[in-house]
Amino acid sequence: MNVSPDRLSGDASWRQDAAAHLWMPYCQMKTAAPPLPVVATEDVYLILEDGRRLIDGMASWWTACHGYNHPHIARCVEQQLAAMPHVMFGGIQHPQAARLAARLAELLPGTLNRVFLCDSGSVSVEVAMKMAVQYHLNRGQRGRSRFLAFAHAYHGDTTGAMSLCDPETSMHAHFSGLLLQQAHRELPQNEHDLDRLDAWLRDNAPSLAAVIIEPLIQGAGGMRFHSPEVLRGLRRLCTRHGVLLIADEIATGFGRTGSMFACQQADVVPDIICLGKALTGGTMSLAATVATDAVFAAFYDDAPGHALMHGPTFMANPLACAAANASLDLFETEPRLQQARDLEGILREGLQPCAALPSVVDVRTRGAVGVVQVKRLSRVPQIIDAGVRRGIWIRPFKDMVYVTPPLTIGPDVAGQLCRAIVQVMHEWDAAA
Ligand SMILES: *Cc1c(COP(=O)(O)O)cnc(C)c1O
């Protein structure tokens, strides 16, 4: 059957195929509202089958940092498609992967120089976990296979990564027999909390491989912010107790917080960093786990058993690497980080009117992330629908409505997005 985009968008029967055969994420399909039929993207807009254009407040889950359909990324991917769409990475290398690794190493702080390219954020977390455990083993330290993760953390949906997520908010109850048992604690907020964590680490460090944190912004676990000082304190404690620090920058990386990586705002160099989401400018699935020279050194010797035992089939896919290289070009040639920093003020001012609503408990902004937190989120389909009627796409969850727009959105359209949210929240609050 011919499934070219032209033919698909003119033929509404695909909706029946969808209803009959697609399995959708994170929803009870029997009761959920019908998903939006999106047939194209352009600039910061999702284009619906009936021609309506919605401002994408989500940038497709933090990924579309340059907006959609950037011609430079398209050109680079087309050239790579003609030359070589994919090769296995076992025993083979290619220039796109090499260039990308070198550029990431150059951009990342400290000696984060050794890049393992994999296929999704969750997998990059799995790889980081295996790296951390094997790092200690290779250095002759047994029994260090647990991780410390924090309340409200989100690190992915695969079973290893899921064991690191907040046990309360991430379906752990469904999978308790399946998940690894990790240590979970509240994220320190001040020096006193850090002292308590210091004491806890004195007792528990010998069984820990690493501490994992989403720097500055905890994302899907609740959009909570913490200070650079807390991150610096964690770095200090990990070094003191000989535990690795893993920074999960899958959501925060590539400008979202106003700097290329959130760690840089705290002058912190983690031992391992996970990158994903915006890595390919929102075009393809690719992720990276990057280790410092010191971590890599524990694997680099004459013992065959010290090799890192991981290798996804589509790792370092050349098309995805070409997209990532093109995306990094755009960070060099366009004022992306400045746009992210400007968005912080625009979102803060634009969303502020929500703070006056009785059901709103907090309005906060960090970089290009804006959050309206409510006492209790209800009638989510009505919120989404009201947004669509006003020309925006938002997807509220847990206890908030939040936006992570494309960094290229610009003040006018960002203002439109905020005004629509304020109207939607007014309407929602009045009906409560
Ligand atoms: C999205 C996300 C992941 C998982 O990435 P996937 O590509 O969805 O597997 C992990 N950690 C954080 C912080 C994320 O935001």
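The model shown is predicted, which means the values in this text are computed figures rather than measured ones.

A. Fine view of the site of the ligand. Taken together, the neighbourhood of the ligand is formed by S120, G121, S122, Y154, H155, G156, E214, D248, I250, A251 and K277. Interatomic distance of 2.7 Å between a side-chain N/O atom of D248 and a nitrogen atom of the ligand. For the ligand, an oxygen atom lies 2.6 Å from a polar atom in the side chain of K277. Calculation on the ligand without its partners gives an accessible area of 380 Å², and the protein chains cover 82% of this total. The residue inventory of the shell around the ligand, partitioned by class, reads 3 nonpolar, 5 polar and 3 charged.

B. Expanded view of the packing of helix α5 (residues 95-107) against helix α11 (residues 318-333). Orientation of α5 relative to α11, taken along the N-to-C sense of each, is 40°, at an axis distance of 9 Å. Here α5 is positioned oblique relative to α11, judged by the angle of their axes. Along this stretch, α5 crosses α11, giving a crossing that reads as left-handed. On α11, the residues touching Q96, A97, R99, L100, R103, L104 and L107 of α5 are P318, C321, A322, A324, N325, L328, D329 and E332. Looking at the contact of α5 with α11 residue by residue, the classes come out as 9 nonpolar, 2 polar and 4 charged.

C. Broad picture of the nonpolar core. Counting residues in each nonpolar core, the largest one holds 60 residues, and the members touching the most others are L104, F254, L275, I421 and M425. Per-element tally for this core: the top contributor is helix α14 (residues 410-430), with 10 residues. With residues near it in sequence (within four places) discarded, M425 still touches C354, L357, V372, V374 and V401. In terms of nonpolar packing, the next biggest core, distinct from the first, is built from 42 residues, L46, L201, I217 and I384 among them.

D. Quick look at the pattern of salt bridges. Tallied over the full model, the rule gives 14 salt bridges. Note that R53 and E42 form a salt bridge whose closest N and O atoms lie 3.3 Å from each other. Placement of R53 in strand β3 (residues 53-56) and of E42 in strand β1 (residues 38-42) is noted, with a sequence separation of 11 residues between them. Here the salt bridges do not stand alone but share partners, grouping R103, D329 and E332 into one network.

E. The sheet that holds strand β16 (residues 400-403), seen in detail. Strand order in the open sheet made by the 3 strands is β13-β14-β16, with antiparallel pairing throughout. Each edge of the open sheet carries a strand with a single partner, namely β13 (360-366) and β16. On average, adjacent strands in this sheet sit at an angle of 10° to one another, irrespective of strand direction. In the packing of α14 onto the sheet, the strands contacted are β14 (369-374) and β16, and the crossing angle to β16 comes to about 170°.

F. Geometry of the sheet that holds strand β2 (residues 45-48). Strands sit in the order β1-β2-β3-β15 across an open sheet of 4 strands; the sheet is mixed. One side of each edge strand has no neighbouring strand; the edge strands of this open sheet are β1 and β15 (392-393). Direction of pairing for β3 relative to β15: parallel, over a ladder of 2 bridges. Residue pairing for β15: D56 is matched across the bridge by W393.

G. Structural detail: a nonpolar patch on the surface. A contiguous nonpolar patch, built from L22, W23, M24 and M29 and spanning about 480 Å² of accessible area, is present on the exposed surface. Tracing the backbone shows W23 in the loop between α2 (14-21) and β1. W23 gets classed as exposed once you look at its relative accessible area, which sits at 79%.

H. Fine view of the packing of helix α4 (residues 71-83) against α11. Interaxial distance between α4 and α11 falls to 8 Å at its minimum, and their mutual angle equals 150°. Between α4 and α11, the interaxial angle falls into the category roughly antiparallel. The two elements α4 and α11 meet at a crossing, and its hand is right-handed. Between α4 and α11, the contacting residues are H72, I73, C76, V77, Q80 and L81 on the first element and P318, L319, A322, A323, A326, S327, D329 and L330 on the second. Split by residue class, the contact of α4 with α11 holds 10 nonpolar, 3 polar and 1 charged.

I. Quick peek at unusual backbone geometry. In the Ramachandran plot, W61 falls in the positive-phi region, its phi being about 55° despite a non-glycine side chain. By the element assignment, W61 lies in helix α3 (residues 59-62). Even without being glycine, A316 reaches a positive phi, approximately 60°. For A316, the position within the fold is in the loop between α10 (293-297) and α11. Overall, the relative accessible area of 0% leaves A316 in the buried class.

J. Broad picture of α11. Taking 1.5 Å per residue as the helical rise, α11 with its 16 residues ought to reach 22 Å, and the 22 Å between its terminal C-alpha atoms agrees with that figure. Most of α11 is tucked away: 13 of the 16 residues are buried.

K. Inspection of the packing of aromatic side chains at higher detail. For the structure on display, the rule yields 4 aromatic pairs. Over the aromatic face of Y45 sits the side chain of R53, whose NZ or CZ is 4.6 Å from the ring centroid.

L. Broad picture of the side chain of N325. Examined against the element boundaries, N325 turns out to sit in helix α11. Under the relative-accessibility criterion, N325 is labelled buried at 6%. There is a polar contact of 2.8 Å between the side chain of N325 and the side chain of Q96. Non-local contacts of N325, meaning those with residues more than four positions away in its chain, are made with Q96, R99, L100 and R103.

Calculation rules
Residues numbered from 1 in each chain as written. Predicted model: local features only at pLDDT ≥ 70, side-chain atom pairs only at ≥ 80, totals over all residues. Heavy atoms only, no water. Near = heavy atom within 4 Å. Polar contact = N/O pair within 3.5 Å; in protein donor to acceptor, adjacent residues only side chain to side chain. Areas by Shrake-Rupley, 256 points an atom, 1.4 Å probe, with all protein chains shown as cover. Nonpolar A, V, L, I, M, F, W, Y, C, P; charged D, E, K, R; others polar. Axes fitted to C-alpha atoms, helices over the stretch in contact; angles between N-to-C directions. Helix = DSSP H or I, 4+ residues; strand = E, 2+ residues; numbered from the N terminus. Parallel < 35°, antiparallel > 145°, perpendicular 65-115°, else oblique. Left-handed = near helix turned anticlockwise from the far one by under 90°. Contact = heavy atoms within 4.5 Å. Core = buried A, V, L, I, M, F, W, Y, C linked by side-chain atoms within 4.5 Å. Buried < 20%, exposed > 50% of the residue type's maximum accessible area, 1.4 Å probe, protein only. Salt bridge = Lys/Arg side-chain N within 4 Å of Asp/Glu carboxyl O. Pairing = 2+ DSSP bridges. Patch = residues over 30% accessible without salt bridge, like charges linked within 9 Å, V, L, I, M, F, W, Y side chains within 5 Å. Expected span 1.5 Å × (residues − 1). Phe/Tyr/Trp six-rings, centres within 6.5 Å; stacked < 30°, edge-to-face > 60°. Lys NZ or Arg CZ within 6 Å of the ring centre and 35° of its normal.

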